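The lines below spell out each chain.
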Number of protein chains: 2
Amino acid sequence: MLEILRGNLVSAPRLGALDVAERGYLVLEDGVIRGVFDKLPAQYAVAPVTDYGDALILQSFADMHLHAPQYPMLGMGMDLPLLDWLNTYAFPTEAQFADPDYARVVYRALAEDLIANGTTRVCMFSSLHTEATWVLMEELERSGVTGYVGKVNMDRNGAPGSLQESTDESVRETIRWLEGCRFDRVKPILTPRFTPSCSDELMAALGRLAAERGLYVQSHLSENVREMEWVRQLHPDCRRYWETYDKFGLWKDHTVMAHCVHSDEVERRAMHRAGVAAVHCPASNVNICSGVCPVRRMLREGVWVTLGSDIAGGDQLPMYQVITAAIRASKDRHIMDNGSTEFLTVEEAYYLGTTSGHRYFGAGEGFAAGDRLHAIVVDDSNFPRSGRPLSVTERFERALYLMGAKNIVAVWSDGRCVVKKR
Amino acid sequence: MLEILRGNLVSAPRLGALDVAERGYLVLEDGVIRGVFDKLPAQYAVAPVTDYGDALILQSFADMHLHAPQYPMLGMGMDLPLLDWLNTYAFPTEAQFADPDYARVVYRALAEDLIANGTTRVCMFSSLHTEATWVLMEELERSGVTGYVGKVNMDRNGAPGSLQESTDESVRETIRWLEGCRFDRVKPILTPRFTPSCSDELMAALGRLAAERGLYVQSHLSENVREMEWVRQLHPDCRRYWETYDKFGLWKDHTVMAHCVHSDEVERRAMHRAGVAAVHCPASNVNICSGVCPVRRMLREGVWVTLGSDIAGGDQLPMYQVITAAIRASKDRHIMDNGSTEFLTVEEAYYLGTTSGHRYFGAGEGFAAGDRLHAIVVDDSNFPRSGRPLSVTERFERALYLMGAKNIVAVWSDGRCVVKKR
């Protein structure tokens, strides 16, 4: 079935570039993009048009790193650095997801919050609980959020008795979890929490599973200086953090590594070489004082950089806020580097929060023909009135800074309209 | 008339301290606070109670630096450093306020946005336009926002023909403006834009006006390194920026100086000595890459630090967002200083955004007996559900991070309830 969306279309085909079609047309066939046009080609003249008027039609967002079971502690307890923060706040909060009924309530709210804010693709950590992880996947699918979810593996340095598995149990439960994953749009990803949480035996078992079943892997990398020191003590044979994953077959194409704040040039080269996706988490990096990630340098070196809200180290779930936080973090870096690194432009940060993440799921660039549509419609009519007409590009910038869920009047995910307020 | 408000009261009596009265009582007489009590004293038993249930009752916010005529450009054009940003974005936007009808529309929306977000006291820049400044003061008063507003003075380096006055005109219009200010809760403050915008003759005239009429003064100080260099060229006799104000009698008790990012120890000592209030503008400082203000050092040295949204260098009007931005900026500073300066706690940042600003207007500390009430009531029932009961202090932290205008169900300003949603 053909259908046409009309509005001010803004997409990011490449880092730093914007495609703008003012009052343009996006042609869909069965949810798949045929093309974006300034003028409607004659052959589509008969297709029904959904006209969003003067609203902006933007790409939806891809949140490439967040911890679902930390949603209940959003906006709390950010007075400690990473390792203390994990033990004091994050682990006790996650332990509660042993109860699938509690998980149902929290994850339904989280999934609705994500989709209402235009996040249609995620790469997400659950807790170590198998049942709760299925519940999370169900609730995401139900609300229209697509992507990857991982049952977390952690057999050491957790919270024994409440949030830790034995090695056997971790492997067994992972297999049980994988076999129970029967969802259309939400797929499993292997998720060793981070090197200090996983014994060598567990890492090796996960590496084998990844290879045997062709699964992707996500974890954390070089977030915090004390954490890196700990990893060096745990793996004296590894010169750098990334090697602790590589040694077990977990460092490979499409491996997702969150943070990478303190990765040096060698580690960044290893990312580039392997096709690892780095997830920049600007809010969390400042909240728990991890550091200011040198994103510009990573981009120059060709590292694949995406963005993550990293709730609840990050304090804001909406990815438009993560995009502006990434701009701010790059300006902090610019200031710290005495101006020697350029900050991210709005166009660049938008690319990182959209296309760069969507690519992980096989999508093309911007609103690419052949992709199933992931988009949001933004009504900015309640923003402060300007004394002159604003260009679509100016409105686009302002929308990223000022919008809230209430401005998002429609959301398209995987070719389907999943939120429709008008 | 006696009346009682009941709820979870949280106020900041001193830097870093919180007074919490869980389901406590705030007793008002004709809008003036009599006291806050855990248990209601017998003599008040007959007074009518407004019970806000489980909601939080917080101090309202004081925004000590913002540019009203930049409201139309909120969230746009932050790709340039200060001096270029002024010429490219800020000046053309302000020039439009020559039209009082346009000012009416914008300032009504601004005043409503302020009060809906719990800002009840401001120290604000208008543009140089006399009529538009009166309109601004009227609209603030109408919505319940109180404080100081200044017609801006600028007789050089502005935008000749659209946003610049002659010296004579600037003085004459300032006097005309002062004489037309007949508002109950919004008072005039002298406002030389910043040293580069004002000739010596104009500065001297404003200094005389300040002395003759007992007026307070607001301006900008040491925001940006290039600006400071320019000021040194303009005033070769002054070793530091602050002396360019001092020389004309503008550096005195209750002078408000925005930014102070690059003020050194000597300049900070001059603030402390004179009773100058520094306004920390964390969002703007990063947006236009001014720098990361050493707030912890200023506080240790006894400088009077308050907070400002500094729209539209700042991209967010709500002061709760400025409070969390101040925490983030202090964490950036902590990172840049290799951990040698402690970051601001939530309690400290709340103090800076409330009590420290309210003091400027003669208020006491926290919900002090004898003060007219400035407060907001926050309904946090739509926040993510926690798996355990949260303390009032935890809910308070979370409210600062997560709240929006929709959570503010009542606002009290100058002893009157000016927003009432329930």
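Thresholds applied
Residues numbered from 1 in each chain as written. Chains lettered and ligands numbered in written order. Predicted model: local features only at pLDDT ≥ 70, side-chain atom pairs only at ≥ 80, totals over all residues. Heavy atoms only, no water. Phe/Tyr/Trp six-rings, centres within 6.5 Å; stacked < 30°, edge-to-face > 60°. Lys NZ or Arg CZ within 6 Å of the ring centre and 35° of its normal. Domains from an automatic or database assignment. Buried area = accessible area lost by both parts, 1.4 Å probe. Salt bridge = Lys/Arg side-chain N within 4 Å of Asp/Glu carboxyl O. Polar contact = N/O pair within 3.5 Å; in protein donor to acceptor, adjacent residues only side chain to side chain. Helix = DSSP H or I, 4+ residues; strand = E, 2+ residues; numbered from the N terminus. Pairing = 2+ DSSP bridges. Axes fitted to C-alpha atoms, helices over the stretch in contact; angles between N-to-C directions. Contact = heavy atoms within 4.5 Å. Parallel < 35°, antiparallel > 145°, perpendicular 65-115°, else oblique. Nonpolar A, V, L, I, M, F, W, Y, C, P; charged D, E, K, R; others polar.

Focus: the packing of aromatic side chains
Each pair of aromatic rings is reported with the distance of its centres and the angle of its planes. Residues and elements named next belong to chain A. Tallying each qualifying case throughout the model produces 28 aromatic pairs over all chains. An angle of 75 degrees between the planes, with centres 5.4 Å apart, marks the rings of Tyr360 and Phe361 as edge-to-face. Through pairs of rings, three or more aromatic residues link up here, namely Tyr148, Tyr216, Trp304, Tyr360 and Phe361. Sitting over the ring of Phe343, Lys331 keeps its end group 4.9 Å from the ring centre. Over the ring of Trp304 we find Arg359; its NZ or CZ atom is 4.7 Å from the centre of that ring.

Some thoughts on the domain arrangement of chain A
Interface size is commonly expressed as the accessible area that is lost once the parts come together. All names here are of chain A. What the domain assignment lists for chain A is domain 1 (2–60 + 364–420) and domain 2 (61–353). The gap between the C-alpha centroids of domain 1 and domain 2 is 29 Å. In total, domain 1 and domain 2 occlude about 2,300 Å² of area from one another, counting both sides; carbon and sulfur atoms represent 66% of this. If you sort the residues of domain 1 by the area they bury against domain 2, Leu15, Leu400 and Tyr401 come out on top, with a joint share of 27%. The tally of links between domain 1 and domain 2 comes to 1 salt bridge. As a salt-bridge pair, Arg185 and Asp414 come within 2.6 Å of each other at their nearest N and O atoms. Remark: the boundary between domain 1 and domain 2 carries 8 residue pairs in polar contact (both at pLDDT 80 or more). For the side of domain 1 that touches domain 2, the secondary structure elements donating two or more residues are strand 1 (2–11), strand 4 (49–59), helix 14 (392–402), strand 16 (408–413) and strand 17 (416–420). It is helix 14 that contributes the most residues to the side of domain 1 that touches domain 2, 5 residues altogether.

Considering the sheet that holds strand 6 (residues 119–125) of chain A
Residues and elements named next belong to chain A. Within the open sheet, the 4 strands sit side by side as 5-6-7-9. Their pairing is parallel. Where the open sheet ends on each side, the last strands, each with one partner, are strand 5 (61–67) and strand 9 (186–188). Taking the axes of each pair of neighbouring strands and ignoring which way they run, one obtains an average angle of 20 degrees across the sheet. By the bridge criterion, 5 bridges tie strand 6 to strand 7 (residues 146–150) in an arrangement that is parallel. Each bridged residue has a counterpart across the sheet, and for Met124 the counterpart in strand 7 is Val149. Its contacts with the sheet put helix 2 (residues 100–116) on strand 5 and strand 6, and the angle it makes with strand 6 is roughly 135 degrees.

Description of the packing of helix 1 (residues 82–95) of chain A against helix 6 (residues 225–234) of chain A
Residues and elements named next belong to chain A. Relative orientation of the contacting elements helix 1 and helix 6 amounts to 90 degrees, with a least axis distance of 7 Å. Classified by the angle their axes make, helix 1 and helix 6 are roughly perpendicular. Residues Leu82, Leu83 and Asp84 of helix 1 form the contact with helix 6, whose participating residues are Arg226, Glu227 and Trp230. Across the contact of helix 1 with helix 6, the residue classes tally to 3 nonpolar, no polar and 3 charged.

Regarding the interface of chain A and chain B
Each partner contributes residues to the interface: chain A has 38 residues there, and chain B has 38 residues. Carbon and sulfur atoms make up 63% of the area that chain A and chain B hide from each other, which totals about 3,500 Å². The interface formed by chain A and chain B contains 0 salt bridges. Our count for the chain A to chain B interface comes out at 12 residue pairs in polar contact (both at pLDDT 80 or more). The dominant element in the side of chain A that touches chain B, judged by the number of residues it contributes, is helix 11 (residues 319–336) of chain A, at 6 residues. By residue class, the composition of the side of chain A that touches chain B is 18 nonpolar, 10 polar and 10 charged.

Comments concerning the sheet that holds strand 11 (residues 218–221) of chain A
Working definition: the strands of a sheet are paired by backbone hydrogen bonds and lie parallel or antiparallel to each other. Residues and elements named next belong to chain A. Pairing within the open sheet is parallel, and its 4 strands lie in the order 11-12-13-14. On the outer flanks of this sheet lie strand 11 and strand 14 (304–307), each paired with one strand and no other. Neighbour to neighbour, the strand axes of the sheet diverge by 35 degrees on average, direction disregarded. Taken together, the 4 bridges between strand 13 (residues 277–280) and strand 14 define a ladder with parallel strand orientation. Of the residues in strand 14, the one forming a bridge with His280 is Leu307. Against the sheet, helix 11 engages strand 13 and strand 14, with an angle of about 125 degrees to strand 14.

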